[in-house]
Amino acid sequence: MKILKIDCFLFLLFTTLLFFQGSINAQHDNDRDLQRIVLDGKEYYLHVIERGEGLYRISVDYGVTMQEILDANDDISESLKVGQILRIPVISGRNETNQERDSTGDFLYHTVEKGQTAFYISRKYDVPLEIIYEYNSNTREGLVEGAVLRFPVDKVGGLDNDSTEAADSSGEKGESYIYHTVQPRETLYALSREYDTEVEDIIALNPALRSGVLSVGSEIRIPVSDEQKREAELRRASAESSQESKESQKSASSSQFIESGDYLYHNIESGQTLYSISRRYQVSVEDIKEANPGVSEDDLRVGYRLRVPRPDLFSEEAVSQRDESRLFITHEVRRRETLFGISREYHVDIEVIKEVNPDVDFADLQTGAVLHIPTDAWFANRTALALSETEPEDEPLFDDFVVEPEHKECEEQKYIGYERPVRVALLLPFAAKSTNEYLTNENDTLEFSQSVRSAASRSRIFTEFYSGVLLALDTLKNQGINVDLSVYDIYGGRSSIQRALRDPSLKKSDLIIGPAESRDLKPVSEFSKEHSIPLIYPLSNTNNEIGNNPYLYHINTPDSLVYDIMANEIVKQAAGHNILVILPSSQDKDAVNFVDKLKQKVSHNTLDGDSINFREYSPGSNDLVEIQALIKKDEINYIVVPSKETADVARIIPVLSGVKERTGADIRLFGMSDWLRYETVEPAHIHKLNGTIFTSYALDYDCDYTNKFINKYREWYYTEPHAISPYFQFSSTSSGYSRYGISGYDVAGYFIQALVKYGDNLDICINECNLDLVQFNFKFQRVSNWSGFYNRGIHMLRFKPDLTTQRVIMAGN
């Protein structure tokens, strides 16, 4: 075992939800000729759903929220269909016209998609990071899917190409890359041919693609030379131009209606009347008026759509095309008679008369000319034929439609750990000189007690973690797995960390665990990436390297990255019932972000048909009475308290307990993981309120595996690996039990076993490892196709009225 020294720096990663706000540059104004309709005095775009589209992407394209689409389409179901028509509200100031959007201040708008970072967006639009931060508050702390960012058009192109922020190089070879958004039915092979590169080179820039899964809508990096990059941009521009031309020709040659469900949507043309349209589709004028509330015969807007009830395809008027005697009547043009007059006489549109009389020169219509005038049978035949040619595909759509080129199987190997030892390096600062020197910034959850003076106490966190690692190695040894552990003490400054990284044996490691703090992460992460060594970052929740290193695994995920999982669970439980959110007494950024995410999930739940009565309450001077008035005694009341402030929680929990006593109502409380460390919270109240708390780590004392570990830890170290009553107690380095021993045991045991099982395919198969864990729930997900992983696995702790506690492992997807 060898001991070296180390040190370094770094800052922070994700989080915070930016609620969907502002306007957006609706792409459809450029991509297609938008069709409009007016119903009940409200104006809508009509969008025909295409293959690969989902509700979220449609909302982004039109600059509206999904809830606004749902509100405008109360007849749609959760499974969208190809060819189905959605009504998209036209909202003044947001998506009405290009000119209107341009007048909002010459801003570009970008909707954040899954895995995107501010750094990525700065490169995508060639905008300095500081500009993104300046015009979008809270983005320094991270981005969240669905947020809308804005930045001035005149700042686009403002990056210094020599700066690290603008760097477009893939590394040693000096090759550049471009970003490509995966489209339906694309494959890696097709993309490699399109960009004149190799599949292996694309995978090298996007390690996530080693799994064989190419997700539609995801971003991937394509390696290209500067010349190829310019050619690709020209090809893309040419293809877009060609597509626009094709769409224009298609639009011009297609029928005058589109169909969806029980309706056809007719494109109103100049000179048409309700009666002529009713004849065309063989429905009554009254039926058309009923389908279009508020429509007026005197105000048919040319270019807008009119909703027409679907005609009966088996109408008795529909006859054989060869029976012309029933398809047409003849009209002999009288002196001074005009085509307009003839059109009005027979209630047939001028264009239709011209169409069925191709040999007549209507520019010089002569007296005595004989015209064919279509009958109801002709219109019935025409509509039936058009409907048969435009039958929509009955195919459900999903946003996450994927193409799988070649899935790599997670086959177990029997070499590493058996034929030779697993080489593991542990990098921790065991010899911290002073508490204040190692106090982390306010966003870092790694805590140090200022009350402890001795160096041994200050480094206790890391020795506890190390003790858990040693216990894991003993367990692995009993399973026949051999491990060669090298321990590096990385306390001592930048020079010591560089000495450790220059150690030749470190380059031969199969796995690196550490460092402990964010400021030491960057050089270790760069080393890990350079030598393709998996790096397990086990303790701090601050991580700014995850977007740069595909070999990095972040264990202690910030709550904000799993807000969507928490909100989903609350909404799932509360479906059909009531949610009452008790807001913090003061501004709380995290609480606001979580409540916004919860609102979004409640809105999406409309698709399932289970409405939720959602309300918010701001604490005041008479909380007991006011909250009691909001509680429904004969229904289930789900109460969410998103505050992490000790004073807020200590104040509101007894109030809710009092409301429960007075009303006898069914109250089910949801709280945040920070509560578990608050000694001011009375556990009996949480049990009484049927409380649920989400947390990344929790013990199940009814689990045999957990109890076996606890007994072994006591036997080895003569101390508790966790408090006997672990909840609602403040943990510090002066506590009489080990707080980080379990972390070391879980992390080392899990990743060494995973590496032994899957070897070089660890990144592909990491979530296939069904291994026992004492306190964690590991479910890893990449931030992007080229980034590292973060843990999305969390627990629910249910504090039941009978004073028992149940740990529920959540899926994490």
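Since the structure is predicted, the reported quantities are computational estimates derived from the model, not experimental observations.

Cut-offs used in this document
- Residues numbered from 1 in each chain as written.
- Predicted model: local features only at pLDDT ≥ 70, side-chain atom pairs only at ≥ 80, totals over all residues.
- Heavy atoms only, no water.
- Helix = DSSP H or I, 4+ residues; strand = E, 2+ residues; numbered from the N terminus.
- Buried < 20%, exposed > 50% of the residue type's maximum accessible area, 1.4 Å probe, protein only.
- Contact = heavy atoms within 4.5 Å.
- Areas by Shrake-Rupley, 256 points an atom, 1.4 Å probe, with all protein chains shown as cover.
- Phe/Tyr/Trp six-rings, centres within 6.5 Å; stacked < 30°, edge-to-face > 60°.
- Lys NZ or Arg CZ within 6 Å of the ring centre and 35° of its normal.
- Pairing = 2+ DSSP bridges.
- Axes fitted to C-alpha atoms, helices over the stretch in contact; angles between N-to-C directions.
- Salt bridge = Lys/Arg side-chain N within 4 Å of Asp/Glu carboxyl O.
- Disulfide = S-S within 2.5 Å.
- Arc of directions from axis to C-beta.
- Expected span 1.5 Å × (residues − 1).

Looking at this model, I keep getting lost on the overall build of the protein chain. Mind explaining?
A count of helical and extended segments in the protein chain gives 27 helices and 28 strands. Counting over 813 residues, the protein chain shows a buried share of 52%. Summarising the internal contacts of the protein chain: among those between residues at least 6 apart in sequence, 71% fall at separations of at least 24. Taken as a whole, the protein chain presents about 37,700 Å² of accessible surface, with 46% of it coming from carbon and sulfur.

How should the environment of W786 be read in this particular structure?
Along the chain, the position of W786 falls in the loop between β25 (780-782) and β26 (789-791). Sequence separation between W786 and I546 is 240 residues; the distance between their C-alpha atoms is 9.6 Å.

Would you explain the environment of L535 in this entry?
Mapping L535 onto the fold places it in strand β18 (residues 535-537). What makes L535 buried here is its relative accessible area of 0%. The spacing of L535 and V524 is 11 residues in sequence and 8.3 Å in space, taken between C-alpha atoms. If sequence neighbours within four positions are ignored, L535 has contacts with I512, G514, L521, V524, S525, S528, N549, Y551, L552 and Y553.

Sorry, what's going on with the packing of aromatic side chains here?
When we look at a pair of aromatic rings, we describe it by the centre distance and by the angle of the planes. The tally for this structure, following the rule as stated, stands at 22 aromatic pairs. When the ring of F328 is compared with that of W378, the centres are 6.4 Å apart and the planes differ by 45°; the resulting orientation is tilted. Placement of the pair is F328 in strand β12 (residues 328-332) and W378 in helix α15 (residues 376-389), with a sequence separation of 50 residues. Under the relative-accessibility criterion, F328 is labelled buried at 16%. Residue W378 is classed as buried on the basis of its relative accessible area, which comes to 10%. Feature note: the residues Y553, Y697, Y750, F751, F776, F778, F780 and F789 constitute an aromatic cluster, connected by ring pairs. The ring of Y177 carries the charged tip of R221 above its face, separated from the ring centre by 4.6 Å.

I'm lost on the sheet that holds strand β23 (residues 666-671) in this one. Help?
Backbone-to-backbone hydrogen bonds pair the strands of a sheet. The strands run either parallel or antiparallel. Spatially, seven strands are ordered β21-β20-β22-β23-β24-β27-β28 in an open sheet, and the strand pairing comes out mixed. The open sheet has two edge strands, β21 (613-617) and β28 (805-809), and neither has a second partner. Averaged over all adjacent pairs, the angle separating strand axes in this sheet is 20°, with direction ignored. The pairing of β23 with strand β24 (residues 691-695) spans two bridges and is parallel. Of the residues in β24, the one forming a bridge with G671 is I693. The strands touched by helix α22 (residues 623-630) within the sheet are β20 (578-582) and β21, with β21 carrying the most contacts at an inclination of about 170°.

I would appreciate a short explanation of the pattern of salt bridges in the present structure.
Oppositely charged side chains can pair when the atoms bearing their charge come close. Summed over all chains, the structure comprises 20 salt bridges. Among the ionic pairs, E337 bridges to R334, the shortest N-O distance being 2.7 Å. A residue is classified by how much of its surface remains accessible, and E337, at 16% relative accessible area, is buried. Exposure remark for R334: the relative accessible area of 45% places this residue in the partly exposed category.

Explain the state of the cysteines to me, please; I cannot follow it from the model alone.
Disulfides are covalent bonds that connect the sulfur atoms of two cysteines. Scanning the model with the defined rule gives zero disulfides in all. Looking at the unpaired C769, the closest cysteine sulfur is the one in C765, lying at 7.6 Å.

Sorry, what's going on with helix α13 (residues 339-346) here?
One turn of an α-helix holds 3.6 residues; hence residues three or four places apart share an orientation. When we look at burial in α13, the residues that qualify are L339, I342, S343 and Y346. Take α13 and look down its axis: the buried residues cluster within an arc of 100°, on one side only. Here the buried face of α13 lies against α10 (274-281), β12, α14 (350-356) and β13 (370-374). Looking at the residues trailing α13, positive phi occurs at H347, about 55°.

Before we go on, may I ask you to explain helix α26 (residues 741-758) in this structure?
If you check α26, its first and last C-alpha atoms are 26 Å apart, about what 18 residues at 1.5 Å a residue would give, namely 26 Å. In terms of residue burial, α26 counts as a mostly covered element, since 18 of its 18 residues are buried. Downstream of α26 by a residue or two, G759 has a phi angle that is positive, lying close to 55°.

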